[in-house]
Amino acid sequence: MTPDPDTARRLRDGMARGVLSFPLTSFHDDGTLDPDGLRTHLAAQIATGPGAVFPACGTGEFFSLDEDEYRQVVTIAVEEAGGRVPVVAGIGYGWAQAVRFARIAEEAGADALLVLPHYLVAAPQDGLVAQLEQIAARTRLPLIAYQRGQVAFGASAFRRITEIPGVIGLKDGHSDLDRLQRLTLAAPEGFLFFNGASTAEIQARAYATVGVPAYSSAVHAFAPEIADAFFSALRAGDEGDGTVEKLLRDFYVPLVELRDRVPGYAVSLVKAAARLRGRPVGPVRAPLTDPSAADLADLRQLLATGLDLVGAEL
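The rules behind each value
Residues numbered from 1 in each chain as written. Predicted model: local features only at pLDDT ≥ 70, side-chain atom pairs only at ≥ 80, totals over all residues. Heavy atoms only, no water. Phe/Tyr/Trp six-rings, centres within 6.5 Å; stacked < 30°, edge-to-face > 60°. Helix = DSSP H or I, 4+ residues; strand = E, 2+ residues; numbered from the N terminus. Buried < 20%, exposed > 50% of the residue type's maximum accessible area, 1.4 Å probe, protein only. Lys NZ or Arg CZ within 6 Å of the ring centre and 35° of its normal. Axes fitted to C-alpha atoms, helices over the stretch in contact; angles between N-to-C directions. Left-handed = near helix turned anticlockwise from the far one by under 90°. Contact = heavy atoms within 4.5 Å. Nonpolar A, V, L, I, M, F, W, Y, C, P; charged D, E, K, R; others polar. Pairing = 2+ DSSP bridges.

K.L.:
I tried to follow the packing of aromatic side chains on my own but got confused; where do I start?
P.N.:
Between two aromatic rings, the relevant description is the distance of the centres plus the angle of the planes. Per the counting criterion, the structure on display carries 13 aromatic pairs. Both rings, one in Phe-158 and one in Phe-193, keep their centres 5.8 Å apart while their planes meet at 35°; by these two values the pair is tilted. One end of the pair, Phe-158, is in helix H6 (residues 155-162); the other, Phe-193, is in strand E7 (residues 192-195), and 35 residues separate them in sequence. Its relative accessible area of 11% is what places Phe-193 among the buried residues. Ring plane angle 80° and centroid distance 5.0 Å describe the contact between Phe-251 and Tyr-252, whose orientation is recorded as edge-to-face. One aromatic cluster in this structure is built from Phe-62, Tyr-70, Tyr-93 and Phe-101. Across the ring face of Tyr-146, the terminal group of Lys-171 is positioned such that the distance to the ring centre comes to 4.2 Å.

K.L.:
Teacher, can you tell me more about the packing of helix H9 (residues 224-235) against helix H10 (residues 243-259) here?
P.N.:
For any two helices packed against each other, the geometry comes down to the angle between their axes and how far apart the axes lie. Running from N to C, H9 and H10 cross one another at 140°; their axes reach a closest spacing of 9 Å. Of the two possible hands of crossing, H9 and H10 adopt the one that is left-handed. Of the residues in H10, those in contact with Ile-226, Ala-227, Ala-229, Phe-230, Ala-233 and Leu-234 of H9 are Thr-243, Val-244, Leu-247, Leu-248, Phe-251 and Tyr-252. A class-by-class count of the residues in the contact of H9 with H10 yields 11 nonpolar, one polar and no charged.

K.L.:
Can you help me understand the sheet that holds strand E6 (residues 167-172) in this one?
P.N.:
Sheets are built from strands that pair by backbone hydrogen bonding, the pairs being arranged parallel or antiparallel. Spatially, the five strands line up as an open sheet ordered E3-E4-E5-E6-E7, and their pairing is parallel. Only two strands of the sheet have a single partner each, and these edge strands are strand E3 (88-91) and E7. Put simply, the sheet's adjacent strands are angled 25° from each other on average, direction ignored. Pairing geometry for strand E5 (residues 143-147) and E6, over five bridges, is parallel. Residue Tyr-146 lies in a different strand from E6, and its bridge partner there is Lys-171. Where helix H1 (residues 6-17) meets the sheet, it contacts E3, strand E4 (112-115), E5, E6 and E7, and its direction lies at approximately 35° from that of E7.

This is the structure we're talking about:
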């Protein structure tokens, strides 16, 4: 199927303008989906002017959503975006299930799809290419491949996926800059890349040196003031007040150290921080767990420090 060629242009423009927002999925305390809370959260995120919004991805707990919930999440994201920013919905698992989610996203009005790493098994390079070929043949929406975990494209396989009609970009979560530089040099003109490492700001400067300045920001889900201040300072060359260095040293590095205390905190801490700011996002779903009381206290102090650095309040 032939995707809309305008989508890649809109995403490229958005990547140059702001961070890529990966919103949380709101749940009630009993674990059921909270559509009203989600709508409020998404409206607030989109109002800050991100480059694009990526609902139902890793930060949005895609792995815990059934198909009906997924439809609601993507539909609400499309409605709240109202065409102001591109909406890129997450899809995943094996290609057959990924296609089911792709069809739902297409019906809901999403602009593109982020193909999350497939489930459980390691696969050879030919299989990684075939996974994208099977999905691309069954949707009109453009695809962005996500290499992380068991998915890592070599140069030969990468060149093959860039030739698949509809594959327009790559999100990288491996932070192997040697490999990534080889891929950027092998890419056709206009192919999209962005930094999708956990707490991507930590490595944003390094990624930019290999031609990948765009990045996703989990911090944007709970503190867009911090995320936007960092993005603006980074793009301006951080001339003058040293904002990038201050935020890295006093906020982002301590956040990563806190994140690394417990598996799953890459999502759980983001949701907890959003709750600390009064956002109606609710708890995480199992197998994730919410932060301990001690970790939550440390998060509160760290969040207050970060907000103070950019002139905002908790």
